[in-house]
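Take a look at the letters that make up each chain.
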Amino acid sequence: KGGPPRPDRERQAFSIGEEVFGRVSKVTDSAVWIDIAGKATGLFARQEIIDEEPPAEGDQFIATVASSGVRGGMLMLSRLPIILEESRKLLEAAAQNAEPVKGFVTGAVKGGLEVDLGGLRAFAPASHVDLRHGADLNYLVGQRLDFIVTQYAKKGRDIVVSRRKMLEGDAHKLRAEALTKIEPGTIHKGIVRKVVAWGVFVALPDAGHVEGL
């Protein structure tokens, strides 16, 4: 009745530790992007390439699956052993001490980003990776960034990370620098952000997009 039982989730096309073959589709400062036979896209950390020339677009590439994009992100590839227990200990300590950890953004998913942290998957809410409401987060995919672990639960199966503290610090610094360029009587080109009954909010692109009324 009703056909065969449906699985709880789709079978993963790749398993951890599996060796995969592909071709380089893009090389950035942080990662090598690998097209795996048209089935998936993998990210390989540039930091692993030390004693050899970085590959070029079109080159063949072999690596091992370090973690799979179970929520919609890309595969994370490596040629180094991934020891998940060490990653769990590091992230649990980072969560307790609020110390930043390096993570690879492997996908822009609903509501935020999917991040790889040493073989463990984490979620970064959109409001914690870009202070602009509704921003398209695809520009962050493939980047290796610092994150603060704000939640570590279920032995690493439920991890939430944030960049909000860092972004707010950067924004405060940029605003302070921008304000030094603004003096009474100076003329600036502005972009109208919002019109209200008592005036107009205007951003100044040549002064760090500081807004004024």
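Structure: see above.
A brief report on the enclosed structure follows. Here the structure is a predicted model, which means the values were calculated and not measured.

We now examine the overall build of the protein chain. Helices and strands together make up the secondary structure of the protein chain, namely two helices and 13 strands. Against the 2.2 N^0.38 benchmark of 17 Å for 213 residues, the protein chain shows a C-alpha radius of gyration of 22 Å, more extended than a compact globule. The buried share among the 213 residues of the protein chain stands at 34%. In the protein chain, the proportion of contacts linking residues at least 24 apart, taken out of those at least 6 apart, comes to 53%. Averaging the positions of the 29 positive and the 28 negative side-chain charges in the protein chain gives two centres separated by 7 Å.

Before going further, it helps to examine the pattern of salt bridges. Tallying each qualifying case throughout the model produces eight salt bridges. Across the pair Asp 130 and Arg 132 runs a salt bridge whose closest N-O atoms are separated by 2.8 Å. Connected through shared salt-bridge partners, Glu 114, Asp 116 and Arg 121 make up one network.

What follows deals with the pairing of strand β3 (residues 40–45). Every other side chain in a regular strand lies on the same face of the sheet, so the side chains alternate between the two faces. Most of β3 is tucked away, with five of its six residues classed as buried. Pairing of strand β2 (residues 31–36) with β3 involves six bridges; the strand directions are antiparallel. Bridge assignment links Ile 36 to a residue of β3, and that residue is Ala 40. The hairpin formed by β2 and β3 contains three residues between the paired strands, and Ala 37 there has a positive phi angle of roughly 50°. Relative to strand β5 (residues 75–78), β3 is paired through three bridges, and the arrangement is parallel. Directly across from Leu 43, in β5, lies its bridge partner Met 76.

Reading the values: rules and limits
- Residues numbered from 1 in each chain as written.
- Predicted model: local features only at pLDDT ≥ 70, side-chain atom pairs only at ≥ 80, totals over all residues.
- Heavy atoms only, no water.
- Helix = DSSP H or I, 4+ residues; strand = E, 2+ residues; numbered from the N terminus.
- Rg over C-alpha atoms; globule rule 2.2 N^0.38 Å.
- Buried < 20%, exposed > 50% of the residue type's maximum accessible area, 1.4 Å probe, protein only.
- Contact = heavy atoms within 4.5 Å.
- Lys, Arg positive; Asp, Glu negative; His and termini not counted.
- Charge placed at Lys NZ, Arg CZ, Asp CG, Glu CD.
- Salt bridge = Lys/Arg side-chain N within 4 Å of Asp/Glu carboxyl O.
- Pairing = 2+ DSSP bridges.

All we've got here are geometric facts, nothing functional implied.
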